[in-house]
Amino acid sequence: MSPSMPRPAPAMTIEEAGVALATPAAYTDEHRLHAALALLRREAPVHHVRAPGYNPFWAITRHEDVNAIERDHTLWLNAPRPVLRTAVLDAELAARRARGRALASLVHLDDPEHRKLRGIAADWFRPKAMRDMGERVRALARRHVDLMAELGPSCDFARQIAAPYPLYAILALLGLPESDYPLMLRLTQELFGHDDRDKGRDAGSRAGYTTALEDLFVYFHDLIAERRARPTGDLASHIAHARIDGRLLTDNEIASYYILIATAGHDTTSSTVAGGLEALLRHPDQLDRLRRDPGLLPSAVEEMIRWVSPVKSFMRTAAADTEVRGVPIAAGESVLLSYPSANRDEDVFDEPFRFDVGREPNRHLAFGTGVHYCLGAALARMEVEALFAALLPRLEAIEPDGEPAWTATTFVGGLKRLPIRYRLAAPAG
C-alpha cells in the first residue's frame, strides 16, 4: 500500500537508515523506505554510509542539496561512479571500460563530452518533435486501453499494460522492428531489475547485470552495422552517422547511446504509469476529482512522477575538497542523490505524503536538473498523459485485485505487479 502518510517510524538507527539506500529490498517496502528517508532528512541530511558490499558514499536526502549538487556539474562529476553498484560490480565495470565494452552514455559522461554527445539527439526530443509524435503516442495509448478491455475484467496492469506501452513509443522512434520489442523489454528488466528475483537473470544474481549488458551490446553492434550500411530516417541511423569534432562516433559510443534510449526511455515511464494508477486506487477521492475535471491531468502527471520517483538515485563524485551543509567531503568521495527523499522533502512540499492531482507548485526533481536534466522528459510526460487521457473516460469501475509488488532495486524501478479488476466502456464513436 502506498504511503499516504508515513506510518510511525519503525525502530531504526541513522546508520540503518543510511544502509537502506544501498539495500535493493528496501525499495520494495515503501513505508519503511520513507521512514528511513524521513529520519535521514531530519537527523542526518548528509550522512556517511558504509554498507556491506559497497564502496562508501555520502547520502544526500534534502531537496535543496540534491538540486545544488546537480546544478554544479564542474564540482560534482558523473564519472567515475554515476550509479550505485556493489564494489564487485564497480570493479567488473571498470574492467569492461578497459576493454572498451562499457557504457559511455550521457549518464556516465561529463562536459565537454557530455554536451557534445547530448546535442546529437537533442532535436529529436524537443517540443516540436514531441508535437509531431503526439498522434502516434495517443494511438498507442488507445491501443493499450483497448488491450485492457480485451483482457478484462482483470489484468496485471504493471506487467501487461504499463510495461509494454512506452516501449512501443521509444523503440519506434529508435527504429527497431516490433518483433524485437519483447527482447528489449526482457533485457531492460534484467538490466535495471538485476537485484530482483522476478526480473533479474539467474534468479536475481547481480552477475546477471553484466550478461544482460553484454547481450544489449551484441544486439546494438549489429544494428550499428546495419544502419551504417543502409541508413534510414530513424534515430538509430541519425546517431550512427553523427559526428563529434568531425569524427564519427565509435561503435561503443553509439551502442551506449542506443542502450540508454532503449532502456531508460521506457522503464522509467512504465514505472510512473503503474505507480500513478496505484496511487489513484489508494486515493479514490483523487481519482474521482481527476475524472470530474480532466483539465487537472497535466498537474496529475507531475504528481504521479513526484510520487513514484522512478529513478531512485544517481551518484556524483567531488572533483575538489568541498562541503555540504558544513560537512566536509573530500575530492574523490562520492555522494548518492536520493530522489524519493528529495521529492518528499517537508521544506519544499506542502504535506508531501498527500497524493494531490492538483498540486501546485510541484518542484519535483524526478527528471534531475542542470545539464543532466532528462533528455526524454517531454516524451515521458506526453506518454503518461496520453495513457490516462485514453483510460479515464472509459473507466466505469476499478479496484485492486490483490497486493501490488515493487521491484528490488537501488537505481530504476517501481511496481512489478499491480493486479486490478475493472470495467471499461466501449470507445466513443
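For the structure, see preceding data.
Residues numbered from 1 in each chain as written. Predicted model: local features only at pLDDT ≥ 70, side-chain atom pairs only at ≥ 80, totals over all residues. Heavy atoms only, no water.

Some points on the packing of helix α6 (residues 127-151) against helix α8 (residues 164-174)
Move 1: Between α6 and α8, whose axes approach to 9 Å, the crossing angle comes to 150 degrees. Considered as vectors, α6 and α8 are oriented roughly antiparallel to each other. By crossing handedness, the relation of α6 to α8 is classed as right-handed. In this structure, α6 contributes Met 133, Arg 136, Val 137, Leu 140, Ala 141, Arg 143 and His 144 to the contact, and α8 contributes Pro 164, Tyr 165, Tyr 168, Ala 169, Ala 172 and Leu 173.
Move 2: Its residues assigned to classes, the contact of α6 with α8 comprises 10 nonpolar, one polar and two charged. (Axes fitted to C-alpha atoms, helices over the stretch in contact; angles between N-to-C directions. Helix = DSSP H or I, 4+ residues; strand = E, 2+ residues; numbered from the N terminus. Parallel < 35°, antiparallel > 145°, perpendicular 65-115°, else oblique. Left-handed = near helix turned anticlockwise from the far one by under 90°. Contact = heavy atoms within 4.5 Å. Nonpolar A, V, L, I, M, F, W, Y, C, P; charged D, E, K, R; others polar.)

Some words on the packing of aromatic side chains
Move 1: Applying the stated criterion to the full structure yields eight aromatic pairs.
Move 2: A centroid spacing of 6.3 Å and a plane angle of 85 degrees characterise the contact between Phe 314 and Tyr 339, whose relative ring orientation is edge-to-face. One end of the pair, Phe 314, is in strand β7 (residues 313-318); the other, Tyr 339, is in helix α15 (residues 339-342), with 25 residues separating them in the sequence. For the pair shown, Phe 314 and Tyr 339 are each scored as buried.
Move 3: Seen in terms of ring centroids, Phe 367 and Tyr 373 are 6.1 Å apart; in terms of plane orientation they differ by 65 degrees. Their pairing is edge-to-face.
Move 4: We classify Phe 367 as buried; its relative accessible area is 12%.
Move 5: An aromatic cluster is present here, built from Phe 192, Phe 314, Tyr 339 and Phe 411 joined pairwise through their rings.
Move 6: Stacked on the ring of Phe 349, the Lys or Arg Arg 306 has its end atom at 5.2 Å from the ring centre. (Phe/Tyr/Trp six-rings, centres within 6.5 Å; stacked < 30°, edge-to-face > 60°. Buried < 20%, exposed > 50% of the residue type's maximum accessible area, 1.4 Å probe, protein only. Lys NZ or Arg CZ within 6 Å of the ring centre and 35° of its normal.)

Focus: the packing of α6 against helix α16 (residues 377-391)
Move 1: Put simply, α6 and α16 touch, their axes get as near as 8 Å, and they point 40 degrees apart. Our classification of the angle between α6 and α16 gives oblique. Between α6 and α16 lies a crossing of right-handed hand. Across the interface between the two elements, Met 130, Met 133, Gly 134, Val 137, Arg 138, Ala 141, Arg 142, Val 145 and Met 148 from α6 touch Ala 378, Leu 379, Met 382, Glu 383, Ala 386, Leu 387, Ala 390 and Leu 391 from α16.

Some remarks on the sheet that holds strand β4 (residues 154-156)
Move 1: If you walk across this open sheet you meet the three strands as β4-β14-β11, and the pairing is antiparallel. Only two strands of the sheet have a single partner each, and these edge strands are β4 and β11 (395-400). Strand-to-strand twist of the sheet, defined as the mean angle between neighbouring strand axes without regard to direction, takes the value 30 degrees.
Move 2: Where β4 meets strand β14 (residues 419-424), three bridges bridge the pair, whose relative direction is antiparallel. Across the sheet, residue Cys 155 finds its bridge partner in β14, namely Ile 420.
Move 3: Where helix α12 (residues 251-282) meets the sheet, its contacts fall on β11 and β14, and the angle it forms with β11 comes to roughly 90 degrees. (Pairing = 2+ DSSP bridges.)

Quick word on helix α2 (residues 30-43)
Move 1: Counted at 1.5 Å a residue, the expected span for α2 with its 14 residues is 20 Å, and the 20 Å between its end C-alpha atoms agrees.
Move 2: Of all the 14 residues making up α2, 11 are buried; the element is thus mostly covered by neighbouring parts of the structure.
Move 3: Burial in α2 covers these residues: Glu 30, His 31, Leu 33, His 34, Ala 35, Ala 36, Leu 37, Ala 38, Leu 39, Leu 40 and Arg 41.
Move 4: Residues of α2 that are buried in the fold lie against α1 (14-20), β1 (46-49), β10 (334-338), α15 and β12 (405-406). (Expected span 1.5 Å × (residues − 1).)

Remember that the coordinates give geometry; whether it matters functionally is a separate question.
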